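One-letter residues, chain by chain:
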Amino acid sequence: MGRNLHYTIPQYLESALNKHAKVLSWERIDNSQTDEHYIYLIRRSGGFSQVIVHLSDEYEYSLDDYFQKPDSIREGAFILVARPEAVYDDSIVEVAQQDQVSIGKFGALTGC
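A quick note: this is a predicted structure, and the numbers were derived from the prediction, not measured. (Residues numbered from 1 in each chain as written. Predicted model: local features only at pLDDT ≥ 70, side-chain atom pairs only at ≥ 80, totals over all residues. Heavy atoms only, no water.)

Q: A description of the side chain of His54 should follow, citing residues and the corresponding values.
A: Mapped onto the secondary structure, His54 falls in strand 3 (residues 51-56). The class for His54 is buried, based on a relative accessible area of 0%. Within polar-contact distance, the side chain of His54 engages the side chain of His37 at 3.1 Å. (Helix = DSSP H or I, 4+ residues; strand = E, 2+ residues; numbered from the N terminus. Buried < 20%, exposed > 50% of the residue type's maximum accessible area, 1.4 Å probe, protein only. Polar contact = N/O pair within 3.5 Å; in protein donor to acceptor, adjacent residues only side chain to side chain.)

This is the structure in structure tokens:
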């Protein structure tokens, strides 16, 4: 897990957040100099709560990856399986739902 994403993936997310009607603001809350992860705080409009988003760089997001997620990923957070070619198993989604954490691809994050 870490920052092994093509530079265009965070750029794509940031561009989409800037254009999304329900996003009031967003900020990176990781330290790009010391942290191993891309983590965003997104403030939303329309009565939606803010959400912390972790960009996973895994090709196959596994249960081990979930249990090794950053400490800031807790109830209400979203784990974005950020690589377009990446996969994850529905059983991991079920485990995460017990913690009230969501896992998915870009469309699930943006509500597509």
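Alright, that's what it looks like, and here's the rest.
Q: Please set out the sheet that holds strand 1 (residues 23-28) residue by residue, giving values where relevant.
A: Read across the sheet, five strands follow the order 1-2-3-5-7 without closing on themselves; strand pairing throughout is mixed. Single-partner strands in this sheet number two, and they are strand 1 and strand 7 (102-104). Neighbour-to-neighbour, the strand axes of this sheet turn through a mean angle of 25 degrees, independent of strand direction. As judged from the four bridges shared by strand 3 and strand 5 (residues 78-81), these two strands associate in the parallel manner. Bridged to Leu55 within strand 5 is Leu80. (Pairing = 2+ DSSP bridges. Axes fitted to C-alpha atoms, helices over the stretch in contact; angles between N-to-C directions.)

On their own, these measurements won't tell you what the molecule is for.
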